[in-house]
Amino acid sequence: MLIQPKIRGFICTTAHPEGCAAHVQQQIDFVKSQPPLPYPPKNVLVIGASTGYGLASRIVPAFGGGARTIGVFFEKPGVDKKSGSAGWYNSVAFEAAAAREGLYARSFNGDAFSTGMKESVIEAIAQDLGTVDLVIYSLASPRRTDPTDGQTYNSCLKPIGASYTQKTLNTDKAEVYPITIEPASEEDIHHTVKVMGGEDWELWMDALAAAGVLAPGARTIAYSYIGPELTFPIYTNGTIGRAKEHLEQSAARLNERFGSGTALVSVNKALVTQASSAIPVVPLYISLLYKEMKRQGLHEGCIEQIQRLFATQLATGNAPQLDAKGRVRIDDWEMRPEIQAAVEKAWNQVTTENLRQISDFDGYQSEFLKLFGFGLTGVDYDAETDPVRACSAGA
Ligand code: NAI
């Protein structure tokens, strides 16, 4: 079948197998162009491994350090005449590339929040690897069913305490307009913390430890975001920010249980991913940020961010450098005062009319399409392609 982009609001409901493979290959090529990691982890479990930061976190240790990886994700395989999701094709491509280099890679498709998934993954680690020495927790999900009470919680992106009015961007129509978001209820906050906080991260680590599949000195890392003051009401001080606070508290609890330095939170840069495109206001900020960071030669995508995270913090043989709150800051370039000052100035000026001059909206759109395997050079989008592709997680 022919597969073309079908965009509905901030998601694309189709994905291109060869395009996703080309996107994964670009990331692998980047990692291989960098010096090998000095002290790479040997066996890595990545939870949320199929797209965005999690996929990059699987590629970097594998292709920069020869690590054996197990990836967990929730994706849709393609079926006859219907395309699968991008994360499915990314994982198919990752496994094929790993196999070409003789690298162990095994994937699990299903609900990472469930007890069953934890048991299956633990069994695979015990059988195939013995132990893991690094666990990356990179889930972004709109909902979670808590295995202890069976209740399903839905996360939301809302301010807390007061409504928030700010410019936002309709990425489909290239329109800048004001949006007002009403404040969250206590229930909204509780639900968002249940989904995007650290509870499930702790459950994973407890289960891995109880099963004896954590190597001595094993570490774990989860990702957070802070960003500029203009997005504080919707991010850092909003429902998602509360969840990230909980994530940091989980890291502290994990360090108490498993020893100081076991659990880390890395604050990463704002980037176009399936998760971030759903947040109001943020895509406009990202478009302005990309413009300025590209202008200053400081732009990074997921793969460059995670490469830098491993090369300078996780795989150096030394303890990572932490901020006053104990976090790794790989958002340091985004948060440079000169970058933030330029973005703030542009923020005050940006309108629908000058969007393409003032911001890197074209870059945003092409990155967005690339997430789904569209717009990659060397891929023939007019050629028939088979949506059914197999990896170790199924077909
Ligand atoms: P993403 O949407 O690209 O990836 C989410 C991953 O989670 C995918 O692999 C997906 O299959 C998996 N997933 C979702 N629900 C699942 C479930 N129930 N079971 C198994 N797998 C499931 O997201 P992105 O942006 O890479 O986010 C990852 C983490 O990075 C999040 O914690 C996010 O807050 C954080 N982060 C993202 C930033 C950004 O700008 N995109 C900036 C800083 C941090």
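This text gives an overview of the structure that appears in the document. The structure presented is a predicted model; accordingly, all values stated were derived computationally and were not measured. Within each chain, residues carry numbers counting from 1 in the order of the written sequence. For this predicted model, a pLDDT threshold of at least 70 governs which residues receive local features, and a threshold of 80 or more governs which side-chain atom pairs are given and counted, while totals over whole chains, interfaces and linings are taken from all residues. For side-chain calculations, the full set of non-hydrogen atoms in the structure is used, while hydrogens and water are omitted.

## Quick notes on the site of the ligand
Neighbouring residues are identified by heavy atoms, a residue being near a molecule or strand if any of them is within 4 Å of it. Inspection of the region around the ligand gives 30 residues, with Ser 50, Glu 75, Ala 112, Lys 244 and Thr 273 positioned closest. Definition of a polar contact: a pair of N or O atoms within 3.5 Å, with one able to donate and the other able to accept a hydrogen when the atoms are protein atoms, and with sequence-neighbouring residues admitted only if both atoms are side-chain atoms. Glu 75 places a side-chain nitrogen or oxygen 2.8 Å from an oxygen atom of the ligand. At a separation of 2.8 Å, an oxygen atom of the ligand approaches a polar side-chain atom of Lys 244. Surface burial for the ligand is 92%, taken as the share of its 840 Å² of free accessible area covered by protein chains. Among the secondary structure elements, those contributing two or more residues to the shell around the ligand are helix H2 (52-65) and strand E11 (214-224). For the area figures, the Shrake-Rupley method with a 1.4 Å probe applies, and any residue is considered shielded solely by the protein chains shown. In this description a helix means any DSSP run of H or I spanning at least four residues, a strand means any run of E spanning at least two, and both kinds are numbered starting from the N terminus.

## Re the pattern of salt bridges
Between Lys or Arg on one side and Asp or Glu on the other, a salt bridge is scored when a side-chain nitrogen of the former is within 4 Å of a carboxyl oxygen of the latter. The full count for this structure, using the stated rule, is 21 salt bridges. Between Arg 389 and Glu 18 there is a salt bridge, and its shortest N-O distance comes to 2.8 Å. Taken together, the residues Arg 389 in the segment after helix H12 (361-371) and Glu 18 in helix H1 (residues 17-33) connect sequence positions 371 residues apart. Partly exposed describes any residue whose relative accessible area lies between the buried limit of under 20% and the exposed limit of over 50%, with all areas from a 1.4 Å probe on protein chains only and scaled to the type maximum. According to the relative accessible area criterion, Arg 389 is partly exposed, its value standing at 23%. Residue class for Glu 18 comes out partly exposed when judged on its relative accessible area of 33%. A salt bridge links Asp 332 to Arg 308; its shortest N-O distance comes to 3.1 Å. Here Arg 308 lies in helix H9 (residues 302-314) and Asp 332 lies in the loop between strand E13 (328-329) and helix H10 (337-349), a separation of 24 residues in the sequence. Classification of Asp 332 by relative accessible area gives partly exposed; the value is 35%. Through salt bridges that share partners, Glu 248, Asp 323, Arg 327, Arg 329 and Asp 331 make up one connected network.

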